[in-house]
Amino acid sequence: MNGKAPSPIDTDTDTDQRTRLGQRLKATREYLGLSQQQVAERTGIVRSAVSDIERGVRKVEVMELQKLARLYRLPASYFLDEEEAADAGEHALAGLPRTARPLSEGDRIEVAKFIQYLQARRQAEEEEADGVRLPHGPEGSA
């Protein structure tokens, strides 16, 4: 022991990270419609520990985070991302090659088509939000 107290900056950073992690875990749990008790039953993590983790007052152990990420079907990297506006979708897409391995070639083609559809839909939504009206059917043509 060197007798040196942790700096306030280190403590604040740890607290911020625990808070951000807890908020993401809670938001994901609520989005999935799960109670803390259900999470506890499915992961083996005591319900009070789930609550403390979500409130940022308790550090989460690696094995606990792995269990939670598996239950929530998101990579642990999403919950650990230091970016305030981290996107769960980006983290899920990063794991897509590993997830897609057991798929057949036909299934992979369908996934690619769906990705193209989602990209086109997002582009149309952005153009509509920007005031660009796209023609819809025969009445929109000249």
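Given the structure is predicted, the values throughout are model-derived calculations rather than measurements.

About the thresholds
Residues numbered from 1 in each chain as written. Predicted model: local features only at pLDDT ≥ 70, side-chain atom pairs only at ≥ 80, totals over all residues. Heavy atoms only, no water. Helix = DSSP H or I, 4+ residues; strand = E, 2+ residues; numbered from the N terminus. Buried < 20%, exposed > 50% of the residue type's maximum accessible area, 1.4 Å probe, protein only. Arc of directions from axis to C-beta.

Below, the discussion takes up unusual backbone geometry. Of note in this structure, Arg73 is not a glycine but carries a positive phi near 60°. The topology assignment puts Arg73 in the loop between α4 (62–72) and α5 (76–80). A relative accessible area of 74% places Arg73 in the exposed class.

Turning to the environment of Val62, a few remarks are in order. With respect to the helices, strands and loops of the structure, Val62 is situated in helix α4. Judged by its relative accessible area of 60%, Val62 is exposed. Along the chain, Val62 and Ala76 lie 14 residues apart, while their C-alpha atoms are 9.3 Å from each other.

Glancing now at α4. All of the buried residues in α4 are Glu64, Leu65, Leu68, Ala69 and Tyr72. Seen along its axis, α4 keeps its buried residues to an arc of 130°; they face one direction. Opposite the buried face of α4, at more than 90 degrees from it, the exposed residues are Val62, Met63 and Arg70. Phi turns positive one or two residues past the end of α4, at Arg73, with a value near 60°.

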